[in-house]
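Single-letter residue listing:
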Amino acid sequence: RGQIRQAFSPLLPAEAVLRAFPDATKAALLVLAEHTLTSAACGTAVVWAIRDQQMLLSTSRAHEELRSFSLCLRPGDVVAMADGHHQSEADLLKLAMECSPSAMVLRC
């Protein structure tokens, strides 16, 4: 039980936590520690951050099996995650801005 609590500590980056589940075929994770967000995704899952209505960062741009980014959040930022299979950057931006039910959207 202590290992589970430690795995989801906000002091651990999302990538380190997701690596603990090597059999995951599609997963996305966000970890927030104060105003710093770390995110990781694998498979077709994608996490993206929007600032001033423009794509700031995304895990969909990399081709590695496990992709991640860290971001210092600001008021007004939007972070979203979804299954990004065959979706363009413009499609992902639209999902977040319209609060589509097929994406989890978090606003700061």
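Presented here is a report on the structure given in the accompanying data block. Residue numbers here run from 1 along each chain, matching the order of that chain's written sequence. Local features in this predicted model are restricted to residues of pLDDT 70 or higher, and side-chain atom pairs are both shown and tallied only at a pLDDT of 80 or more, whereas totals for entire chains, interfaces and linings draw on every residue. As a rule here, side-chain values come from all non-hydrogen atoms in the structure, and water together with hydrogens is ignored.

## Things to note about the sheet that holds strand 6 (residues 78-83)
Within a sheet, adjacent strands bond to each other through the backbone by hydrogen bonds, running parallel or antiparallel. Pairing between strands requires that DSSP locate at least two bridges from one strand to the other. Numbering goes from the N terminus for both helices and strands, where a helix is a DSSP run of H or I of at least four residues and a strand is a run of E of at least two. Strand order in this open sheet of 4 strands is 4-3-6-7, and the pairing throughout is antiparallel. The open sheet has two free edges, formed respectively by strand 4 (54-58) and strand 7 (103-107), since each of these has just one partner strand. On average, each strand axis in the sheet is tilted by 25° relative to the strand beside it, whichever way the strands run. Bridging between strand 3 (residues 45-51) and strand 4 involves 4 bridges; their strand directions are antiparallel. Bridge pairing links R51 to Q54 in strand 4. The contact criterion used throughout is that any non-hydrogen atoms of two residues lie within 4.5 Å. The axes used here are C-alpha line fits, helices contributing only the stretch in contact, and every angle between their N-to-C directions lies in the interval 0 to 180 degrees. In this fold helix 3 (residues 89-97) packs onto strand 3, strand 4, strand 6 and strand 7, with an angle of close to 70° to the strand it touches most, strand 3.

## Section: the pattern of salt bridges
A side-chain nitrogen of Lys or Arg and a carboxyl oxygen of Asp or Glu constitute a salt bridge if their distance falls within 4 Å. In this structure the tally under the stated criterion is 3 salt bridges. Among the ionic pairs, E15 bridges to R19, the shortest N-O distance being 2.5 Å. Of this pair, E15 and R19 both sit in helix 2 (residues 14-19), separated by 4 residues, roughly a single helical turn. The partner of R51 in a salt bridge is D77, and the shortest N-O contact between them spans 2.8 Å. Pair noted here: R51 is in strand 3 and D77 is in the loop between strand 5 (66-72) and strand 6, with a separation of 26 residues, a long-range link. What makes D77 buried here is its relative accessible area of 2%. Relative accessibility thresholds used throughout: buried, under 20% of the residue-type maximum; exposed, over 50%; partly exposed, between the two (1.4 Å probe, protein chains only).

## Description of unusual backbone geometry
The general pattern is negative phi for most residues beyond glycine and trans for most peptide bonds. We note that E34 has phi near 55°; this positive angle belongs to a residue other than glycine. Tracing the sequence through the fold places E34 in the loop between strand 1 (27-33) and strand 2 (36-42). Overall, E34 belongs to the exposed group, its relative accessible area being 75%. A positive phi angle, near 60°, is found at Q53, a position not held by glycine.

## Some points on the side chain of T59
You can see T59 is positioned in the loop between strand 4 and strand 5. Within polar-contact distance, the side chain of T59 engages the backbone nitrogen of V47 at 2.9 Å. Apart from the residues within four sequence positions on either side, T59 is in contact with S39, A41, A45, V46, V47, R67, S68 and F69. Between N or O atoms, a polar contact is any pair within 3.5 Å; within protein, one atom must be a potential hydrogen donor and the other a potential acceptor, and residues adjacent in sequence are included only when both atoms are from side chains.

## Details of the sheet that holds strand 1
With antiparallel pairing, the 3 strands of this open sheet are ordered in space as 1-2-5. Where the open sheet ends on each side, the last strands, each with one partner, are strand 1 and strand 5. Neighbour-to-neighbour, the strand axes of this sheet turn through a mean angle of 10°, independent of strand direction. As judged from the 7 bridges shared by strand 2 and strand 5, these two strands associate in the antiparallel manner. Among the inter-strand pairings, T36 is bridged to a residue of strand 5, identified as C72.

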